[in-house]
Amino acid sequence: MPELPEVEVIRRGLAPRLRGRRFNGVAEGPHRLRRQSPAPDFSRWLPGRRVLDLRRRGKYLLLDLEGGATLLFHLGMTGRLLLTPGPPPPLPHVHLTFRLEGGLALLFQDVRRFGQALIFPPGMDLTPLEQVGREPLSPQVTARRLAKMARGRFRPLKNFLLDGRIMAGIGNIYASEIMFAARLHPAAPVGSLSPADWRRLLRHTRRILRAAIARGGTTINDYLDSHGRTGLFQLDLLVYGRHGEACRKCGAAIERLNQGGRSTFFCPCCQTPGAEQGREGRPDGACDAPFDNVSK
Ligand SMILES: [Zn+2]
């Protein structure tokens, strides 16, 4: 499922090719996305309007249009936005084809159809964004603020990280990687984390999200960028999808935990409570080495 880095990679790929370009029209496929504006709404607000800019909020991609309308996309589980020159190729599961000047076509392809494509007329509130929390890569998120939101709460850390109302755009893959890097157990009650834990968690959150963007995102099954290319960050994953394999830091077997119906991957040695300070009674010192020495 595309998370913040994948949507950001798509935004960066589309922006230079779409900015300043006019929409000509839209064609719908036989099936609808989970949330999709009616065809007359697209026809009213898109043709003839230029794309002014492309923005991202969490996992949402927003195209600001001349005249004030906004075209909003969410890729759901398996959505792709592919920009093709010339006549659109006959691909399966394309539910919307946006034609642009210069012969370009922007295709919304989505096997499972959990995606969203909505047009908002000028001045209308972008209601899907009302529940979107702060951007983890912006200075609006601070360790102090996270600690404050977690104070007195028994909620597991994994659920807290996945809550898009707290921090936007973090999903199942990056949550596992972030908690491993920060050496925090996914089931740790958030109220039990120290100020140092929150600082370390936020530092690794930003480092991992930036690294994933630089690598073009993570492709496990479906994700492709707007050029149709896979990402590369799956090669850098240290715990996600690796249950039963050796931890690259300490050699212990990576475990899988079911949290809220979703799999979390973690190292039982590196992510024990207190692991970041080193802990007495360890069989060896493997898990006490600085994380940055991890080999890939
Ligand atoms: Zn380990």
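Residues numbered from 1 in each chain as written. Predicted model: local features only at pLDDT ≥ 70, side-chain atom pairs only at ≥ 80, totals over all residues. Heavy atoms only, no water.

Asker: Summarise the overall build of the protein chain; cite the residues concerned and give the values.
Answerer: When helices and strands are tallied, the protein chain shows six helices and 11 strands. Its C-alpha atoms give the protein chain a radius of gyration of 21 Å, within 12% of the compact-globule value 19 Å for 296 residues. Judged by the C-alpha coordinates and their principal axes, the protein chain covers about 70 × 35 × 30 Å. The buried share among the 296 residues of the protein chain stands at 51%. (Helix = DSSP H or I, 4+ residues; strand = E, 2+ residues; numbered from the N terminus. Rg over C-alpha atoms; globule rule 2.2 N^0.38 Å. Buried < 20%, exposed > 50% of the residue type's maximum accessible area, 1.4 Å probe, protein only.)

Asker: Help me get a handle on helix H1 (residues 4-18), residues and values and all.
Answerer: Taking 1.5 Å per residue as the helical rise, H1 with its 15 residues ought to reach 21 Å, and the 20 Å between its terminal C-alpha atoms agrees with that figure. Summarising burial for H1: 12 of the 15 residues are buried, a large majority. Considered for burial, the residues of H1 that qualify are Leu4, Pro5, Glu6, Val7, Glu8, Val9, Ile10, Arg11, Gly13, Leu14, Ala15 and Leu18. Two residues or fewer after H1 comes Gly20, characterised by a positive phi angle close to 85°. (Expected span 1.5 Å × (residues − 1).)

Asker: An account of the coordination of the zinc ion is needed here, citing residue identities and associated values.
Answerer: Note on metal geometry: ideal angles are 109.5 degrees for four donors arranged tetrahedrally and 90 or 180 degrees for six donors arranged octahedrally. Distances from the zinc ion to its protein donors, Cys247 (SG), Cys250 (SG), Cys267 (SG) and Cys270 (SG), fall within 2.2 to 2.4 Å. Considering all four donor atoms around the zinc ion, the spread of angles at the metal, 99 to 113°, places the coordination shape in the tetrahedral class. For the zinc ion, the donor residues sit on a single chain with the sequence spacing C-x2-C-x16-C-x2-C. Both residues of the pair, Cys247 and Cys250, belong to the buried class. (Donors = N, O, S within 2.8 Å, 3.2 Å for Na, K, Ca; no water. Tetrahedral: all angles 85-135°; square planar, octahedral: opposite > 155°, others 65-115°.)

Asker: I'd like to hear about the packing of helix H5 (residues 172-181) against helix H6 (residues 195-214), residue by residue, with values.
Answerer: One way to put it is that H5 packs onto H6 with a least axis distance of 9 Å and a crossing angle of 130°. Relative to H6, H5 is oriented oblique. Crossing handedness for the pair H5 and H6: right-handed. On H6, the residues touching Tyr174, Glu177, Ile178 and Ala181 of H5 are Leu201, His204, Thr205, Arg207, Ile208, Leu209 and Ala212. Of the residues in the contact of H5 with H6, the class split is seven nonpolar, two polar and two charged. (Axes fitted to C-alpha atoms, helices over the stretch in contact; angles between N-to-C directions. Parallel < 35°, antiparallel > 145°, perpendicular 65-115°, else oblique. Left-handed = near helix turned anticlockwise from the far one by under 90°. Contact = heavy atoms within 4.5 Å. Nonpolar A, V, L, I, M, F, W, Y, C, P; charged D, E, K, R; others polar.)

Asker: Explain the environment of Gly123 residue by residue, including any values.
Answerer: With respect to the element layout, Gly123 can be found in the loop between strand E9 (116-120) and helix H3 (143-150). Sequence separation between Gly123 and Glu135 is 12 residues; the distance between their C-alpha atoms is 23 Å.

Asker: I'd like to hear about the sheet that holds strand E5 (residues 70-74), residue by residue, with values.
Answerer: With respect to topology, five strands assemble into an open sheet ordered E2-E9-E5-E4-E3, the strand pairing being mixed. Two strands in the sheet have a free side with no partner beyond their single neighbour: strand E2 (35-36) and strand E3 (51-57). Sheet topology places E5 next to E9; five bridges connect them, and they run antiparallel. Residue Leu71 lies in a different strand from E9, and its bridge partner there is Ile119. Together, E3 and strand E4 (60-65) form the strand contacts of H1, whose direction differs from that of E3 by roughly 170°. (Pairing = 2+ DSSP bridges.)

Asker: Which residues make up the domain arrangement of the protein chain, and what are the values?
Answerer: You can read the domains of the protein chain as domain 1 (4-131) and domain 2 (143-293). On a C-alpha basis, the centroid separation for the pair domain 1 and domain 2 is 31 Å. Summed over both partners, the interface of domain 1 with domain 2 buries about 1600 Å², with 62% contributed by carbon and sulfur atoms. Our count for the contact surface shared by domain 1 and domain 2 stands at zero salt bridges. Sorting the residues of the side of domain 1 that touches domain 2 by element identifies H1 and strand E6 (79-84) as the ones contributing at least two each. The biggest single contributor to the side of domain 1 that touches domain 2 is H1, with 10 residues. When grouped by side-chain class, the residues that make up the side of domain 1 that touches domain 2 number eight nonpolar, four polar and seven charged. (Domains from an automatic or database assignment. Buried area = accessible area lost by both parts, 1.4 Å probe. Salt bridge = Lys/Arg side-chain N within 4 Å of Asp/Glu carboxyl O.)

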